[in-house]
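Here's the letter readout for the chains.
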Amino acid sequence: MPQSRSLSRRQVVIFALITAACVAGDSMLYVVLPVHWKSAGLASLWEVGLLLSLNRLARLPLNPFAGWAYSRMSTKTGAVLAGLLAVGTTLGYGLVEGLAAWAVLRILWGLSWSFLKLGGLLTVMDVAGENERGYLVGLYSGVYRLGSLAGMLGGGLLADIFGLRTTAFACAALAVPGVLAAIFLLKRIAPEGRNSSEQHEQAEKKPSVLSILRSPTLLWVLLACLMVKLLTEGFFMSTLSPLLEHHWGETINCFGLALGCATVSGFIQSLRWGWDPVLSPLVGHISDGRLGRVGMFAGGCWVCAGLLALTVSDLPFWPWMSLLIGFLVCCTVMTTLSDALATDVAADSQAVVVITAYTFAIDLGAALGPLGGFAAIELWGMDAAYLLCAALMALFALQWTFWPPVKNSSSFRRPQKA
């Protein structure tokens, strides 16, 4: 049941801070493991790539399990379990060696993240009123990404000074307060408490899981969110370094310094974690207003399509770099809107089922993005791959502009009837 605004915000912020504390260790690996892979007992860089993607692949079957678990336990319990898994896996990064042991840790982290992501969105569903879901979704996303920022920047610095093992122990210690916060600060809301009063009145008419998943509205929303995740965080993030190298060579001169493409790519991507805590809640708040989420989603698709297409242009360095930064801003906007749209649809259905399907869809998109992106680059070249992504984004922009699967209102009420 919706609670007071201050209490709603407090619960969401607490869960977001728990997530931030837990995710720092995972984010640390993305900048540390490619450099310190020998300290982890790995034999080659391909093993690094496998381990960094394994947790996403593992989440595809683990998300339904986490959804099933949340239908039987509170988000508080899920947060405690996720925190314990995060502490254990991050400690393991400093203790174990070899591909097999690391693979087990990455799969366990995938389970932890499934509990955290589903739990965060379900917490928003538990406490938010209809006119503040976008804001609270953005608040959750923005706050927990502070953990990613800390893991990437602080983890990289610690690893260069003290090595992988000490850095892993430090990140594990950071996750411990997250577990304590889950135990002592989160309010327990039983699974049956997630249904709205209207849903309680319609309990006897509650549709089956299969009928929910066959809903055209849900399917179109899931497909759109999957493609947005695939094209933005999957394709763009994984191909940013090769894109820089394709246009500017192996080294880039910035302010008189010769920097490698990986360094420039890492700096550009870290900018997002810096502005997300401010931009995500702002985007969510605006989408709760008159403009509405559907209109903003359609507009975001158009802007993304245009920026992707312009990456093939022969612009000077700084104007061209501004395109990349603009696209990263769009990534934040589209991720926040996708999460908010999912909670909108879930509010008129069985929340656990819808949120589980949504997390499965976006994880599938994130996993397919690098695979499809590099396959397209190999087949048709860098410019053609980016133009293809721009065309796909434009198709979704057309659909959401002229045939949106949901109504565009200031606070999403009901999906359109088929």
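The text that follows walks through the structure, step by step, so that each part is easy to find. (Residues numbered from 1 in each chain as written. Predicted model: local features only at pLDDT ≥ 70, side-chain atom pairs only at ≥ 80, totals over all residues. Heavy atoms only, no water.)

A closer look at the packing of aromatic side chains
Here is step 1: Following the criterion strictly, the structure yields 15 aromatic pairs and no others.
Here is step 2: Plain terms: the ring middles of Tyr93 and Trp102 are 5.0 Å apart, the flat faces sit at 15° to each other, and that makes the pair stacked. Judged on exposure class, the residue Tyr93 and its partner Trp102 are both buried.
Here is step 3: One aromatic cluster is present, built from ring pairs that chain together Phe15, Trp109, Trp113, Tyr140 and Tyr144. (Phe/Tyr/Trp six-rings, centres within 6.5 Å; stacked < 30°, edge-to-face > 60°. Buried < 20%, exposed > 50% of the residue type's maximum accessible area, 1.4 Å probe, protein only.)

A few points about the packing of helix α4 (residues 99–127) against helix α5 (residues 133–162)
Here is step 1: Where α4 meets α5, the closest approach of the two axes is 9 Å, and the angle between their N-to-C directions is 150°. As judged from the angle between their axes, α4 and α5 are roughly antiparallel. For the pair α4 and α5, the sense of crossing is right-handed. Touching Trp113, Leu116, Lys117, Gly120, Val124, Met125 and Val127 of α4 are Arg133, Leu136, Val137, Tyr140 and Tyr144, all from α5. (Axes fitted to C-alpha atoms, helices over the stretch in contact; angles between N-to-C directions. Helix = DSSP H or I, 4+ residues; strand = E, 2+ residues; numbered from the N terminus. Parallel < 35°, antiparallel > 145°, perpendicular 65-115°, else oblique. Left-handed = near helix turned anticlockwise from the far one by under 90°. Contact = heavy atoms within 4.5 Å.)

As for α4
Here is step 1: Look at α4: 42 Å from first C-alpha to last across 29 residues, which is about the 42 Å you get at 1.5 Å a residue.
Here is step 2: Among the 29 residues in α4, 23 count as buried, and that is most of the element. (Expected span 1.5 Å × (residues − 1).)

Quick look at the pattern of salt bridges
Here is step 1: One pass over the full model with this rule turns up 10 salt bridges.
Here is step 2: For Arg59, the salt bridge is made with Asp363, and the minimal N-O distance between the two is 2.8 Å. Taken as a pair, Arg59 in helix α2 (residues 45–70) and Asp363 in helix α13 (residues 351–380) lie far apart in primary sequence, 304 residues in all.
Here is step 3: In this structure Asp363 comes out as buried when scored by relative accessible area, which is 6%.
Here is step 4: For the salt bridge of Asp344 with Arg293, the shortest nitrogen-to-oxygen distance reads 2.5 Å. Taken as a pair, Asp344 in helix α12 (residues 317–347) and Arg293 in helix α11 (residues 293–310) lie far apart in primary sequence, 51 residues in all. For the pair shown, Asp344 and Arg293 are each scored as buried.
Here is step 5: Salt bridges linked by common partners bring Arg145, Lys229, Glu233, Arg272 and Asp276 together as one network. (Salt bridge = Lys/Arg side-chain N within 4 Å of Asp/Glu carboxyl O.)

Concerning the pairing of strand β1 (residues 251–254)
Here is step 1: Residues Ile252 and Cys254 line the buried face of β1, whereas the alternating positions Thr251 and Asn253 sit on a face that is not buried.
Here is step 2: In terms of strand pairing, β1 meets strand β2 (residues 257–260) through four bridges, oriented antiparallel. In the strand pairing of β2, Thr251 is matched with Gly260. (Pairing = 2+ DSSP bridges.)

Focus on the state of the cysteines
Here is step 1: Within this structure, the stated rule accounts for zero disulfides.
Here is step 2: Sulfur of Cys225: no disulfide; nearest cysteine sulfur belongs to Cys301 and is 9.3 Å away.
Here is step 3: Residue Cys225 is classed as buried on the basis of its relative accessible area of 1%. (Disulfide = S-S within 2.5 Å.)

Notes on the environment of Gly295
Here is step 1: Along the polypeptide, Gly295 turns up in helix α11.
Here is step 2: For Gly295, a relative accessible area of 29% gives the class partly exposed.
Here is step 3: The spacing of Gly295 and Thr401 is 106 residues in sequence and 7.1 Å in space, taken between C-alpha atoms.

Some points on the environment of Phe327
Here is step 1: Mapped onto the fold, Phe327 is located in helix α12.
Here is step 2: The spatial distance from the C-alpha of Phe327 to the C-alpha of Val303 is 8.2 Å, given a sequence separation of 24 residues.

Focus: a nonpolar patch on the surface
Here is step 1: Among the surface-exposed residues, Val176, Leu180, Ile183, Phe184 and Leu185 lie close enough to one another that they form a single nonpolar patch of about 470 Å² accessible area.
Here is step 2: Mapped onto the secondary structure, Leu180 falls in helix α6 (residues 164–184). (Patch = residues over 30% accessible without salt bridge, like charges linked within 9 Å, V, L, I, M, F, W, Y side chains within 5 Å. Areas by Shrake-Rupley, 256 points an atom, 1.4 Å probe, with all protein chains shown as cover.)

Thoughts on the side chain of Asp339
Here is step 1: Residue placement: Asp339 occurs in helix α12.
Here is step 2: Within the structure, Asp339 has its side chain in polar contact with the side chain of Tyr358 (distance 2.4 Å).
Here is step 3: Non-local contacts of Asp339, meaning those with residues more than four positions away in its chain, are made with Lys117, Leu121, Val137, Ser141 and Tyr358. (Polar contact = N/O pair within 3.5 Å; in protein donor to acceptor, adjacent residues only side chain to side chain.)

With respect to the packing of helix α3 (residues 75–95) against α4
Here is step 1: Axis separation between α3 and α4 bottoms out at 8 Å; the angle between their running directions is 150°. Considered as vectors, α3 and α4 are oriented roughly antiparallel to each other. Considering the relative orientation of α3 and α4, their crossing is left-handed.
Here is step 2: Across the contact of α3 with α4, the residue classes tally to 12 nonpolar, seven polar and two charged. (Nonpolar A, V, L, I, M, F, W, Y, C, P; charged D, E, K, R; others polar.)

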